[in-house]
Amino acid sequence: MLRNPKQWQFLKKTAELGKTPHALLFYGQGGIGKRALALEFIKLLNCEADKLEARPCLTCRACKDIEKNAHPDLTIIEPEEGKEIKIVQVRDLQNNLSLKPYSAPFKAALIDKAHLLNQEAQSAFLKILEEPRGNSLFVLISEYPEMLLPTILSRVERLRFYASPSSEKSKGEKEAIAEIIKLSRENLLTRFQYAKTLADGSADPKGILDIWLSYFRETLLSVINGKPGDYSVIKLKKILKAIQNISFLISTTNVNQRLALEILMLEL
Ligand SMILES: [Zn+2]
């Protein structure tokens, strides 16, 4: 049983209609099946079974080779030693893509932890994305999509993954989002008072910061997509960075929570 049925249905539909996007971004927290689903989809596109409903069959050569990461038309890129993805890895990908497919209808590339593409590698990858190409598919996987160049983000079809099957926001989440929107329109004094209340209160600041993080991430993606918003891309990236830093400090040190939250209040 797949863990992300909605995302799977969407992908399958694009294949049925012959409208699979050229590049996809799977984003959302780690460990919730993004990479597994990407590989299932690459199998579906390359499976040798005649009928789409029967794909991926998991028994044909293409399905098996993809499972073993031994398929000549699939390139998987991930950070070396878990640190970063370097330009040389992107160049290798470019070379692979310039060859004719060996056997598969689709040449596919999966870039795991795509936010770890370093700046040079991102620029090189952007060039690949810009080149028109036949049947090829790029799947980027990331927990931190805001670390990718906006020019990359605007060229990929984004698919969000959730930790829980329901994508509905809870009441608590809705309240926390309403709060931050209100705060961003208040003066600094009111914002600092809020920081104090949050730090002194019984609510879990880390949980609230996580909700804000996810809200500003969505906002950034929609601004990049051309939807007008109150914030610029640069400003949103600053806010996201501030939330991440503070969240990290709060959970790993005994930093003064109120001071840490005040720094965020300055960025809003
Ligand atoms: Zn198959």
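The structure this text deals with has already been given above.
Throughout what follows, the structure given in this document is the object of discussion. Note that this is a predicted model, so its numbers are computed, not measured.

**Focus on the pattern of salt bridges**
So, point 1. Counted by the stated rule, this structure contains 18 salt bridges.
So, point 2. The closest approach of N and O atoms between arginine 217 and glutamate 146, which form a salt bridge, is 2.7 Å. You can see arginine 217 sitting in helix H9 (residues 205-224) and its partner glutamate 146 sitting in the loop between strand E4 (136-142) and helix H6 (150-153), a full 71 residues away along the chain.
So, point 3. Since its relative accessible area comes to 6%, glutamate 146 is described here as buried.
So, point 4. The shortest N-O distance in the salt bridge between aspartate 210 and lysine 206 comes to 3.4 Å. Of the two residues, aspartate 210 and lysine 206 both sit in helix H9, four residues apart, roughly one turn of that helix.

**Overview of the coordination of the zinc ion**
So, point 1. Coordination of the zinc ion by the protein is provided by Cys47 (SG), Cys57 (SG), Cys60 (SG) and Cys63 (SG), with metal-donor distances spanning 2.3 Å.
So, point 2. Geometry at the zinc ion is tetrahedral, judged from the four donor atoms that bind it and their angles of 103 to 120 degrees at the metal.
So, point 3. In the primary structure, the donors to the zinc ion are separated according to the pattern C-x9-C-x2-C-x2-C. As far as burial versus exposure is concerned, cysteine 60 and cysteine 63 are alike and both buried.

**Quick look at the nonpolar core**
So, point 1. Membership of the largest hydrophobic core comes to 56 residues, with the highest contact counts inside it found for Leu93, Ile111, Phe125, Phe138, Leu140, Trp212 and Phe216.
So, point 2. Top contributing element to this core by residue count: H9, with 10 residues.
So, point 3. Counting contributing residues, this core receives three or more from each of domain 1 (5-160) and domain 2 (171-267).

**Concerning unusual backbone geometry**
So, point 1. Residue proline 56 is reached from arginine 55 by a cis peptide bond, and omega for that bond is -10 degrees.
So, point 2. As for its position among the elements, proline 56 is in the loop between helix H2 (34-46) and helix H3 (61-67).

**Details of the packing of helix H1 (residues 5-16) against H2**
So, point 1. In contact at an axis separation of 11 Å, H1 and H2 are set at 25 degrees when each is read in the N-to-C sense. The angle between the axes of H1 and H2 places the two elements in the roughly parallel class. Like other packed secondary-structure pairs, H1 and H2 cross with a definite hand, here right-handed. Contacts between H1 and H2 pair Gln7, Trp8, Leu11, Lys12, Thr14 and Ala15 from the former with Leu37, Glu40, Phe41, Leu44 and Leu45 from the latter.
So, point 2. A class-by-class count of the residues in the contact of H1 with H2 yields seven nonpolar, two polar and two charged.

The rules we used
- Counting from 1, residues in each chain are numbered in the order their sequence is written.
- Reporting in this predicted model follows two pLDDT cut-offs: at least 70 for local features of residues, and 80 or more for side-chain atom pairs to be given and counted; totals over whole chains, interfaces and linings ignore these cut-offs and use all residues.
- Only hydrogens and water are set aside when side-chain values are computed; all heavy atoms of the structure are taken into account.
- Counted as salt bridges are all cases of a side-chain nitrogen of Lys or Arg within 4 Å of a carboxyl oxygen of Asp or Glu.
- A helix here means a DSSP run of H or I that spans at least four residues, while a strand means a run of E at least two residues long, and both kinds are numbered starting from the N terminus.
- Note on exposure labels: buried denotes an accessible area under 20% of the residue type's maximum, exposed denotes more than 50%, and partly exposed covers the range between, all computed with a 1.4 Å probe on protein chains only.
- The donor set covers N, O and S atoms within 2.8 Å of the metal, switching to 3.2 Å for Na, K and Ca, and it leaves out water, so a site may look short of donors.
- Here the metal geometry follows the donor angles, with tetrahedral for four donors whose angles all fall between 85 and 135 degrees, square planar for four and octahedral for six when opposite donors are more than 155 degrees apart and every other angle is between 65 and 115, and irregular for all the rest.
- Residues grouped as a nonpolar core are buried Ala, Val, Leu, Ile, Met, Phe, Trp, Tyr and Cys residues, joined through side-chain atoms within 4.5 Å.
- The split into domains, and so the bounds of each, comes from an automatic or database assignment of domains.
- Note on geometry: axes are lines fitted to C-alpha atoms, helical ones only across the stretch in contact, with angles between N-to-C directions running from 0 to 180 degrees.
- To sort the angles, those under 35 degrees are grouped as roughly parallel, those over 145 as roughly antiparallel, those from 65 to 115 as roughly perpendicular, and the leftovers as oblique.
- The handedness criterion is simple: a crossing whose near helix is rotated anticlockwise from the far helix by less than a right angle is left-handed, and one whose near helix is rotated clockwise is right-handed.
- The contact criterion used is simple: two residues touch if any of their non-hydrogen atoms lie within 4.5 Å.
- Three residue categories are used. Nonpolar comprises Ala, Val, Leu, Ile, Met, Phe, Trp, Tyr, Cys and Pro, charged comprises Asp, Glu, Lys and Arg, and polar comprises the others, including Gly.

Shape descriptors only; they carry no functional weight alone.
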